[in-house]
Amino acid sequence: DVGKISLENMHNVLKYLGHHKGVEPEEIAKPIRSSEMSRIVDDPWDVKYIESLSTKDIFQVILTANYLDCKCLLNLGSAKLATLIKGKSPEEIK
C-alpha cells in the first residue's frame with residue numbers, strides 16, 4: 001500500500017527520480033569491488049545523494065524502490081549497504 005510510505009521517504013525517492021528524469025543511470029558493476037561509492041557509481045550526483053542519507057533512510061528507500069519497481073534506485077541503495085559492510089567481520093556488522 002503506497003499509503004504506508006512516509007512523506008520524507010517519498011521525497012527522497014522523488015528527488016532521485018527527478019534528477020534522472022526517466023533516464024536510467026549506468027548500471028553498477030557487481031560484485032561491489034570498493035567500499036567507496038565514488039569508485040563504483042558513475043554519476044557524482046548519485047554518490048552525493050545516497051551518501052546524504054542515513055542507514056535507516058537507505059533501508060526505507062530500498063523498500064520503496066522495490067515496491068515501485070525502480071531497479072536503478074534499488075541497486076544504488078543496495079550497493080551503498082554493501083559498501084558499509086565490505087571487509088567487515090560478522091561481529092563488526094552486528
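Refer to the structure above for everything that follows.
Residues numbered from 1 in each chain as written. Predicted model: local features only at pLDDT ≥ 70, side-chain atom pairs only at ≥ 80, totals over all residues. Heavy atoms only, no water.

**Examining the overall build of the protein**
What counts, and what does not: Secondary structure is summarised from DSSP: a helix means a run of H or I of at least four residues, a strand means a run of E of at least two, and numbering begins at the N terminus for each. With the radius of gyration taken over C-alpha atoms, the globule rule is written as 2.2 Å times the number of residues to the power 0.38. For each residue, the accessible area found with a 1.4 Å probe, counting protein chains only, is set against the maximum for its type, and the residue is called buried under 20%, exposed over 50%, and partly exposed in between.
Along its length, the protein carries six helices and zero strands. Overall, the protein shows an N-to-C arrangement of helices and strands of α-α-α-α-α-α. Taken over the C-alpha trace, the protein has a radius of gyration of 13 Å; the compact-globule value for 94 residues is 12 Å, and the two agree within 12%. By principal-axis analysis of the C-alpha atoms, the protein measures approximately 35 × 30 × 20 Å. For the protein, the proportion of its 94 residues judged to be buried stands at 35%.

**Digging into the nonpolar core**
Formally: Among buried residues, the Ala, Val, Leu, Ile, Met, Phe, Trp, Tyr and Cys ones that are joined through side-chain atoms within 4.5 Å form a nonpolar core. Residues are treated as being in contact if the distance between any of their heavy atoms lies within 4.5 Å.
Ranked by size, the top nonpolar core spans 21 residues in total, and within it Tyr16, Met37, Val41, Tyr49, Ile50, Leu73 and Leu76 carry the most contacts. The set of elements that each furnish at least two residues to this core consists of helix H1 (7–20), helix H2 (37–40), helix H3 (44–51), helix H4 (55–67) and helix H5 (71–85). If one sorts the elements of this core by residue count, H5 sits on top with five residues. Each residue touching Leu73, except ones within four places of it in the same chain, is listed here: Val13, Tyr16, Tyr49, Val61 and Ala65.

**What to know about H5**
Note on helix geometry: an α-helix contains 3.6 residues per turn, so any two residues three or four positions apart are oriented the same way. Basically, it comes down to this: Expected span of a helix: the number of residues minus one, times 1.5 Å.
With 15 residues, H5 should reach 21 Å at 1.5 Å per residue; the first-to-last C-alpha distance of 21 Å fits that figure. Considered for burial, the residues of H5 that qualify are Cys72, Leu73, Leu76, Gly77, Ala79, Lys80, Leu81 and Thr83. Buried-residue contacts for H5 involve H1, H2, H3 and H4.

**Quick look at the packing of H4 against H5**
For any two helices packed against each other, the geometry is given by the interaxial angle and the distance between the axes. The following threshold applies: Angles here are taken between N-to-C directions and fall from 0 to 180 degrees, while the axes themselves are lines fitted to C-alpha atoms, restricted in helices to the stretch in contact. Less than a right angle of anticlockwise turn of the near helix away from the far helix marks a crossing as left-handed, whereas a clockwise turn marks it as right-handed. All residues other than Ala, Val, Leu, Ile, Met, Phe, Trp, Tyr, Cys, Pro, Asp, Glu, Lys and Arg, Gly among them, are scored as polar; the first ten of these are nonpolar and the last four charged.
In contact at an axis separation of 8 Å, H4 and H5 are set at 145° when each is read in the N-to-C sense. Seen from above, H4 lies across H5 with left-handed handedness. When H4 is examined against H5, the residues Thr55, Ile58, Phe59, Val61, Ile62, Ala65 and Asn66 are found in contact with a partner set consisting of Leu73, Leu74, Gly77, Ser78, Lys80, Leu81 and Leu84. Here the residues of the contact of H4 with H5 sort into nine nonpolar, four polar and one charged.

**A closer look at the packing of aromatic side chains**
Short version of the rule: Centres within 6.5 Å are what make two rings of Phe, Tyr or Trp a pair, Trp counting through its six-membered ring; a difference in plane orientation under 30 degrees is then read as stacked, over 60 as edge-to-face, and the rest as tilted.
Tallied over the entire structure, the rule returns three aromatic pairs. Ring plane angle 10° and centroid distance 5.2 Å describe the contact between Trp45 and Tyr49, whose orientation is recorded as stacked. Of the two residues, Trp45 and Tyr49 both sit in helix H3, four residues apart, roughly one turn of that helix. Overall, the relative accessible area of 3% leaves Tyr49 in the buried class.

Read these as spatial facts, not as claims about activity.
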